[in-house]
Amino acid sequence: MAVHQQGQKMDDMTRILPSNCSKVFIQRDFSDGTAVKFHTKEFPTELVGKIEDKYLVQTITTLNTMYSEAESLNSRNYCESCFACLTAYLSYLCFDTHYEKVLKKVGKYIAEQNQTVYVPRGLMLVDPVERGLRTLEICILNESNGR
Amino acid sequence: MPDSYGQHLRQTYVTIVRPKKHRLCNDKVSDKSSAWDMDTSPLPVKEGSYVAVATDRVSEYSDTSSTKKMPKKMIRNWEVFPGKNKFCCDGRIMMARNTGIFYFTCILIVVTCGLFFGFDCPYLAKNVTPAIPAFGIALFIFVMSTLFRTSFSDPGVIPRASPDEAADIERQIEVPNSTPGTYRPPPRTKEVVIKGQVVKLKYCFTCKIFRPPRASHCSLCDNCVERFDHHCPWVGNCVGRRNYRYFYLFILSLSILCIYIFACVLTHLILRSQEDNFLHAMRDSPASVIEAIICFFSVWSVVGLAGFHSYLVASEQTTNEDIKGSYSAKRGQENFNPFSQGSIFRNCLGVLCGPTPPSLIDSRGYVIPDSSQSQGVNTSTGKESNAVNVKHEYYGSTNNTKTNNVGTNTGSHVTGSNGTGPVMKQMISYQTPDGSINSRLPPTNGNSSAVAYKDSQQPHNVMYTEESEGGHWTSTRPHSNQGSKTQQQSFHT
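Because the structure is a prediction, the values reported are computed rather than measured. (Residues numbered from 1 in each chain as written. Chains lettered and ligands numbered in written order. Predicted model: local features only at pLDDT ≥ 70, side-chain atom pairs only at ≥ 80, totals over all residues. Heavy atoms only, no water.)

Before going further, it helps to spend a moment on the overall build of chain A. Scanning chain A from N- to C-terminus turns up four helices and four strands. Per-residue burial over chain A gives 55% buried out of 147 residues. Of all intrachain contacts in chain A linking residues separated by at least 6 positions in sequence, the fraction that spans at least 24 positions is 54%. Summed over its atoms, the accessible surface of chain A is roughly 6,300 Å², and 55% of this surface lies on carbon and sulfur atoms. (Helix = DSSP H or I, 4+ residues; strand = E, 2+ residues; numbered from the N terminus. Buried < 20%, exposed > 50% of the residue type's maximum accessible area, 1.4 Å probe, protein only. Contact = heavy atoms within 4.5 Å. Areas by Shrake-Rupley, 256 points an atom, 1.4 Å probe, with all protein chains shown as cover.)

Here it is in structure tokens:
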């Protein structure tokens, strides 16, 4: 994906939200601490009939797994931090951190999920990073508004 | 008119635009003559695809100035950031508003080290070893780099909730027994169980979110910060999740530097006094005396702070939690720290070498300028009420932006507690526990959103529509100058 001059990403899809779509927010699940994790237990009532819950649960579970991989306290992350410290943090200018790489992976996954699963059902996921990792937003796209 | 009706419909459709079309839309702006040729079909093209929200909206307004001139310079997120932060170097540097004490810290360290390198090091390098200034320089560079890293980086600010999110949360936590008139909501908390420990999540009235565990709102910077430790005036920034390790390394290395300089200066004076007496040594090298005094008085506080933070790191707590005694064993109950990794070593490793997320506020990302409201409808002023870009510079597959427009806005996303902009009579204002006045929407079905046409090269058109069950709001759809103005008037009445 080429990075546009202004810093925009030219994805396969450039979505512009309609003016009157309703939104469903899947909030963060803090039961395991401060790690990024979204609720999978409650299926939002607004989505009943639009999508089978297994798809949504699978998407959210995959996202949770990806985020937990980014934030895991494993030797890879430790080594990366130590190496960065030894290079006076100049390595951060040259390379993306593991977390950033995972976030890009999440972006691709969400784009792919939107394309294959959600948009055909009239829904659209918004990457949580664009909501400050607070919430997973699902837009219910309307086809007509009768205005 | 079929044409305007078609345009009317088109405005509210979703666009899924392939890159080709996207570029075409780009081209549309520059070539106005072709704009109308494309959009004469009244209805969406085919099932499953949607008609583009046309960028040729711009020409429709017969606002020739906006069609003729190129869009204004793109605004970056930091320019419209709602918190009380100061940004430098085009958003690369983020600090608190008052940085006077930070400059004092810098000057103190630089002056002391300058005196040390200028007056003590030559003597010590010659008479003892040149490794002394070498180590001193390395230590000084490390101290300054960690200081700058702490001061200039985003501490872990949580971006404020978008209007829809805020409305959604407000709906969920609405108090059923709302009394008319002044509305005083009770403090809102949510409880969550983390590894067996009950943790209360508080609702932040400014940011309109339920704060994650360990997050806190800094009143000086007016931001919610993840894993908030404290606001340090000496570094001129909050200390939070993203810069805590740099802060810790800073005070640790500064305490080492303090002790090192103090020791070297004493060595210098003692060596000199062996040739003469001590008083003469002090007279010959007054700089050493100054350094000794500075170091002597600093070392207590800096070393004490370093020791305190070493304890916090080892027990995986923040200053905030320690002061409040959240996980103190003295409480008597089964209070334990659910965030601790179990052992001191693992805690230290986690705090100092763990992964840190990138900045969530994306200060260098772009914002869509709010040009559609330049018809005179909008009274958007000031950077706080302006656009909120949610397109992250590097991540995120979705491109959408929203704008908070004070003129047409509900104010449900009042930034900070300014409450500026036209007063919406249907709004219920209440005073929050912290004394700020906020306005609150009557219950809606949450269908308020803004559309901004996301394209970097063109002036975008922002339409803000709202619906409510109570019929309080009318939608504003600027399909024509006159139309929008009429709508706007009805909106206010």
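Now for the nonpolar core. Among the nonpolar cores identified, the biggest contains 37 residues, and Ile 109, Phe 116, Leu 147 and Phe 250 of chain B are the most heavily contacted of them. Secondary structure elements with two or more residues in this core: β4 (93-96), α6 (100-127), α7 (131-152), α9 (244-275) and α11 (286-315) of chain B. If one sorts the elements of this core by residue count, α9 of chain B sits on top with twelve residues. Leave out the neighbours within four places in its chain, and Ile 109 of chain B touches Phe 140, Val 143, Met 144, Leu 147, Phe 250 and Leu 254 of chain B. In this structure, Val 24, Phe 38 and Leu 133 of chain A together with Leu 360 of chain B belong to the second largest nonpolar core, which totals 28 residues. (Core = buried A, V, L, I, M, F, W, Y, C linked by side-chain atoms within 4.5 Å.)

Restricting attention to buried positions, one finds in helix α13 (residues 344-353) of chain B the residues Asn 347, Gly 350, Val 351 and Cys 353 of chain B. Considering only its buried residues, α13 of chain B is in contact with α2 (75-86) of chain A together with α9 and α11 of chain B.

All right, on to the environment of Asp 322 of chain B then. Residues and elements named next belong to chain B. Its place among the elements puts Asp 322 in helix α12 (residues 319-324). Exposure remark for Asp 322: the relative accessible area of 25% places this residue in the partly exposed category. The spacing of Asp 322 and Asp 229 is 93 residues in sequence and 9.5 Å in space, taken between C-alpha atoms. Once residues lying within four places of it in the same chain are set aside, the contact partners of Asp 322 are Phe 308, Tyr 311, Leu 312 and Gln 317.

When you line up the elements, Arg 241 of chain B lands in the loop between β12 (237-239) and α9. Given a relative accessible area of 19%, Arg 241 of chain B falls into the buried group. Ignoring sequence-local partners within four residues, the contact set of Arg 241 of chain B consists of Glu 71 of chain A together with Pro 155, Glu 226, Arg 227, Thr 356 and Pro 357 of chain B.

Tallied over the entire structure, the rule returns 20 salt bridges over all chains. Close ionic contact of Arg 364 of chain B with Asp 90 of chain B constitutes a salt bridge, the shortest N to O distance being 3.3 Å. You can see Arg 364 of chain B sitting in the loop between α13 and β13 (366-367) and its partner Asp 90 of chain B sitting in the loop between β3 (85-88) and β4, a full 274 residues away along the chain. Taking the relative accessible area as the measure of exposure, Asp 90 of chain B reaches 31% and is therefore partly exposed. Within this structure, Lys 23, Arg 131 and Glu 137 of chain A together with Asp 164 of chain B form a network of salt bridges that share partners. (Salt bridge = Lys/Arg side-chain N within 4 Å of Asp/Glu carboxyl O.)

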